[in-house]
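# Structural characterization, general
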Amino acid sequence: MAGNWCSCFALLHVWAIHMPYTLATQNNQSWKGDDMSWVPSNCSSSDHPINGEQLLGSLSISECEMLREQRSHSLPGNKYSRSSLSSNTRLDRLLKLRKSNKISQFEEGSKSLANGRSDFFEHELPLKNGAGLDREDENRRESLESNGKSCTERVECEDSKQRLLVVANRLPVSATRIGEESWSLEISAGGLVSALLGVKQFEAKWIGWAGVNVPDEPGQRALTKALADKRCIPVFLDEEIVHQYYNGYCNNILWPLFHYLGLPQEDRLATTRSFQSQFTAYMKANEMFAKVVNEHYEEGDVVWCHDYHLMYLPKCLKEYNSNMKVGWFLHTPFPSSEIHRTLPSRTELLKSVLAADLVGFHTYDYARHFVSACTRILGLEGTPEGVEDQGRITRIAAFPIGIDSDRFIRALEIPDVQIHIKEFKERFAGRKVMLGVDRLDMIKGIPQKILAFEKFLEESPEWRDKVVLLQIAVPTRTDVPEYQKLTSQVHEIVGRINGRFGTLTTYPIHHLDRSLDFHALCALYAITDVALVTSLRDGMNLVSYEFVACQDSKKGVLILSEFAGAAQSLGAGALLVNPWNITEVARSIGEALEMPAEEREKRHRHNFEHVTMHTAQVWAETFVSELNETIVEAQLRIRHDPPLLPINTAVERYLHSENRLLILGFNSTLTEPIETRGGRGGDQIKEMELTLHPELKEPLTTLCNDPRTTVVVLSGSERDVLDVNFGEFNMWLAAENGMFLRLTTGEWMTTMPEHLNMDWVESVELVFEYFTERTPRSYVETRETSLVWNYKYADVEFGRLQARDMLQHLWTGPISNAAVDVVQGSRSVEVRSVGVSKGAAIDRILGEIVHYKRMSTPIDYVLCIGHFLGKDEDIYTFFEPELPQDPVVSTRGKATDPSGALPERRSTQRSASGKGNGKLMHSRSSARSHSSSSVDHYNKKPWVSGSTVGAAWRKSLDHHHEEKMNMSVNEGSSVLDLKGDNYFSCAVGRKRSSARYILQSSEEVVTFLMALASAH
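Thresholds applied
Residues numbered from 1 in each chain as written. Predicted model: local features only at pLDDT ≥ 70, side-chain atom pairs only at ≥ 80, totals over all residues. Heavy atoms only, no water. Phe/Tyr/Trp six-rings, centres within 6.5 Å; stacked < 30°, edge-to-face > 60°. Helix = DSSP H or I, 4+ residues; strand = E, 2+ residues; numbered from the N terminus. Buried < 20%, exposed > 50% of the residue type's maximum accessible area, 1.4 Å probe, protein only. Lys NZ or Arg CZ within 6 Å of the ring centre and 35° of its normal. Pairing = 2+ DSSP bridges. Axes fitted to C-alpha atoms, helices over the stretch in contact; angles between N-to-C directions. Salt bridge = Lys/Arg side-chain N within 4 Å of Asp/Glu carboxyl O. Contact = heavy atoms within 4.5 Å. pLDDT = per-residue confidence, 0-100. Polar contact = N/O pair within 3.5 Å; in protein donor to acceptor, adjacent residues only side chain to side chain. Parallel < 35°, antiparallel > 145°, perpendicular 65-115°, else oblique. Left-handed = near helix turned anticlockwise from the far one by under 90°. Nonpolar A, V, L, I, M, F, W, Y, C, P; charged D, E, K, R; others polar.

### Re the packing of aromatic side chains
- The final tally for this structure, using the stated rule, is 32 aromatic pairs.
- A centroid spacing of 5.9 Å and a plane angle of 45° characterise the contact between tyrosine 245 and tyrosine 282, whose relative ring orientation is tilted. On the criterion of sequence distance, the pair formed by tyrosine 245 in helix α7 (residues 239-258) and tyrosine 282 in helix α8 (residues 268-296) is long-range, its members being 37 residues apart. For the pair tyrosine 245 and tyrosine 282, one class covers both residues: buried.
- Residues phenylalanine 361 and phenylalanine 370 carry aromatic rings whose centres are separated by 5.3 Å and whose planes lie at 45° to one another, so their mutual orientation is tilted.
- The ring centre of phenylalanine 518 lies 4.0 Å from the NZ or CZ of arginine 407, which sits over that ring.
- The lysine or arginine in question, arginine 537, covers the ring of tyrosine 260, its NZ or CZ lying 3.8 Å from the ring centre.

What follows is the structure, given as structure tokens:
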């Protein structure tokens, strides 16, 4: 009984430790965008609504169970406002799923693992030699490129299994043609292929290039048929595509850059000329992969893309089917944004990867670099979950990969391995064995390793005949001059050291320029005293994992480069070194050789537990579980976000209405988009100069000339900006969030309350100027009712730090006792007087329009479109017929005179200097008081409809004639007769909005307004 409890606890412990690192804020609060402090977290929760049974039909069985379980917690909502859901967290749901998987596997036993085979391959095939090498960079070796492609996540679906399409540059099978229609297949053993072993929760298919050129159709048909028996699907690439895409762009551009070697330096002009053709071939190859995936895709499948060869693939797949479940995992490091920004195709690749639903990396550092690149290069927002682009969130997380540790542990019991162990012990008797297993590559730090060993022998002569270094260096890319030079360099150093410290019978370094078979490699791991991994840059480096798995008897010491991804997982039990510091590495060699047995035991036990718990199978299950969970949350988030504007419905109801009101924002709504090069590094001058979209002139003219349509442009911009862009149209202009108003045929008037205090402007302006001087590319927008400090074009991190310091200074100084609101945008800080917002101004604006036009028909259609700050979205709720009285009403009340009277309209004029130093130059007149009955009438609730509104409307007309310019706060709203469905509020480019609908960009606004105008 106790044993069962211990087993169950161990299973849960495996899950808890292996939960992927997520990106979260340090205080676990919602992401405010002012701090990029990212920390690993195993706990991420969010509440989402469930909207109808139709959601369940598009999800897998496991996802349906999650949702049905959550539905019992759902709260009622109305047609436009989504209900919140008090659901269990992602952690709870994944824990339940993982617990079910682990218990099921525990009950089934380890039968499949004992066989060492997976039913992924139905037929016995010969295995390739060379197992045990570092599988992080399999992209450049046939047996390594197939890594990670057959990993799957368990989904309990009674008699059915979820399909997993694993897409990689190379198939896990090497093909050799032995006849016109006959092929010989050989499994590429090792690497991430082992992730499928023991994982039977999915029906997996592998899609990739077979590694051979097959130009003829008979050969393609024969190879396709042969691979189908192994659940593999080939992508046929011709020699030119392979040369440009694989040998060119992947190996000569992306691989060096991602390993911090930079772009090719020699013959820069030739490189520049060939770069575009290589990138074109790269995109074409990815499109060919996408076409094959789409041909075999079935609804509900999960598509798992792998490595930098296929960075363009997620975008291509989403273009085929936006509902396709797509994950992407990188098996190499992802460089710092300062390195990645040198890549000419940086923007295209980042955007393509962000099309995936889940993006995975080996370590948190790589994930952080990716988010930083998206933030700095694309100008997107980082969130606790990942990266947000116009409301769509791509989840970014770290999933440290492992090995099939059981395979190595069981191998030590094989007679052939035991024979090798005995031979090695006899061969190196009386000497400590140090081992290095690497590809002969620039990033592996082999010269640094050997030089450090030489320095150790120099400083420790007593060890010269007591230690031997066995270096296995597998040749790679032998036709490349740089690699030939590296090989010669290593051979020269080894020869010099052996000649210096060797004898007639012994020499300190045994260097082998080839790979070892799996059994010999396991035996070598088992007899090693010190393993030396000195990678200069490595995605993970699984050699360290393999060494630990084979060391349960020897308890050897691992010296590990801090630049290998494995350092974050095995760093506690290993001796971490900087491979560039030869002295430090030499000192660590001495420490490892002389380490007491008790300390070796402790260090090994820690690493051994990690390696045996965090296996390749667990890694695969975790990634796909997280991908499925991410899809569920995305579905829920979509149902929480406003839907797209129903253009046909909006146009139809527009045509059937008698008195229409169109309220349009300006910036990012009606403006002409500026094509920028490189995101945040765009053309600041052009972007700061707001210009009306040229295609809108004709539809706006048509709409403004319709006597039954009133058009209002409501913007935070200054009056001059609106005059320049809209002076030719017959419309109403509301500048500075509605504080200034005019019909284009008339003069500007102010709608501000008389008591509005602007004494804070001068002191705040000084603070803004101070921070502008110290923040490159930031600037101040000086308006008559507000001040805005914008750091959109400044460095992201520095701008946020400056904004945080500014806010602290403002609250403790200039505005500590001022009646102001501080409005934080994504890249701006605005200070405005209390009550200055578009929602607060719309009452007064409507009153002015109604009085001026002497309307005789209630407004029965309202369209409100804009890209507004959260502070100004109260304009959307102002017209809502089903919502209760909003707190915004009280905000509007603060902006009015306490006596209940509204200030009389005041004409305003500029001072000679144009701005009057931000002070208002206007003639004031005293406000008259209403009788109590008049106030009661004008304060009727805005959602009154039908005959009641008609009566209120007729009564308000009488009061307009009698009271002239004195209006109650809700006078405009009392003339609405929307009947609920004739109101269309629409946010542009903001999915998290209180608006009923959304449009993605100003281009969609143009399309809609053109449709509205053409319907006349």
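Now that the structure is up, let's keep going.
### As for the sheet that holds strand β16 (residues 530-533)
- Taken in spatial order, the 6 strands make up an open sheet running β15-β14-β13-β16-β17-β18, and their pairing is parallel. Pairing within the sheet leaves two strands with one partner each, and these edge strands are β15 (509-512) and β18 (575-577). Adjacent strand axes in the sheet meet at a mean angle of 20° when their direction is disregarded.

### A word on the environment of valine 292
- Within the secondary structure, valine 292 is located in helix α8.
- For valine 292, a relative accessible area of 12% puts it in the buried group.
- Along the chain, valine 292 and phenylalanine 236 lie 56 residues apart, while their C-alpha atoms are 9.6 Å from each other.

### Let's talk about the pattern of salt bridges
- All chains considered together, the criterion is met by 40 salt bridges.
- Here arginine 341 makes a salt bridge to glutamate 338, at a shortest N to O gap of 3.0 Å.
- Given the relative accessible area of 42%, arginine 341 is considered partly exposed.
- Of the residues examined, glutamate 338 reaches a relative accessible area of 43% and is grouped as partly exposed.
- Arginine 395 is the salt-bridge partner of glutamate 385, the closest N and O atoms lying 3.4 Å from each other. With glutamate 385 in the loop between β10 (381-382) and β11 (386-389) and arginine 395 in strand β12 (residues 392-398), this residue pair connects regions lying 10 residues apart in the sequence. Assigned by exposure class, glutamate 385 and arginine 395 land together as buried.

### As for the environment of valine 1005
- One can find valine 1005 in helix α34 (residues 1002-1014).
- Remark: the alpha-carbon pair of valine 1005 and leucine 645, spanning 360 residues in sequence, is separated by 10.0 Å.
- In this structure, valine 1005 is in contact with Thr669, Leu670, Ile865, Val988 and Leu999, ignoring residues within four places of it in sequence.

### Some thoughts on the confidence of the model for the protein chain
- In this model, the protein chain carries a mean pLDDT of 77, and residues with pLDDT of at least 70 account for 72%.
- With pLDDT under 50 throughout, residues 108-159 is counted as low confidence; its partners more than four residues away or in other chains account for 221 contacts.
- Taken as a whole, residues 883-973 scores under 50 in pLDDT and shows 151 contacts with residues more than four places along the chain or in a different chain.

### Here's the deal with the side chain of aspartate 860
- When you line up the elements, aspartate 860 lands in the loop between α29 (838-853) and β28 (861-866).
- A polar contact of 2.9 Å, which involves the side chain of aspartate 860, links it to the backbone nitrogen of glutamate 658.
- Among residues more than four places away in sequence, those in contact with aspartate 860 are Ser657, Glu658, Asn659, Arg660, Asp977, Leu978 and Asn982.

### Quick notes on the packing of helix α14 (residues 415-427) against helix α17 (residues 518-527)
- One can describe the packing of α14 onto α17 by two numbers: an axis separation of 8 Å at closest approach and a directional angle of 50°. On the basis of the axis angle, α14 is oblique to α17. The two elements α14 and α17 cross, and the hand of that crossing is right-handed. On the side of α14, the interface is formed by Asp416, Val417, His420, Ile421, Phe424 and Lys425, while α17 contributes His519, Ala520, Cys522, Ala523, Leu524, Ala526 and Ile527.
- In terms of residue class, the contact of α14 with α17 is built from 9 nonpolar, 2 polar and 2 charged.

### So, the pairing of strand β7 (residues 302-306)
- Where burial is concerned, most of β7 is hidden: 5 out of the 5 residues are buried.
- Here β7 shows no split at all, with Val302, Trp304 and His306 on one side and Val303 and Cys305 on the other all buried.
- Looking at chain direction, β7 and strand β8 (residues 325-329) are connected through 5 bridges and run parallel. If you follow valine 302 over to β8, its bridge partner there is lysine 325.

### Things to note about the sheet that holds strand β24 (residues 779-782)
- Across the sheet, which stays open at both edges, the 4 strands sit in the order β24-β25-β27-β26 with antiparallel pairing between neighbours. Strands with a single pairing partner mark the edges of an open sheet, and in this sheet they are β24 and β26 (820-824). Pairs of neighbouring strands in the sheet enclose a mean axial angle of 15°, with direction left out of account.
- Against the sheet, helix α27 (residues 761-773) engages β24, β25 (786-790) and β27 (828-833), with an angle of about 10° to β25.

### Comments concerning the packing of helix α15 (residues 446-459) against helix α16 (residues 481-501)
- Following both chains from N to C, one finds α15 and α16 inclined at 15°, their axes separated by 10 Å at the closest point. Our classification of the angle between α15 and α16 gives roughly parallel. Every pair of crossing elements has a handedness; the one defined by α15 and α16 is left-handed. Touching Ile446, Pro447, Ile450, Leu451, Glu454, Leu457 and Glu458 of α15 are Leu486, Gln489, Val490, Ile493, Val494, Arg496, Ile497, Arg500 and Phe501, all from α16.

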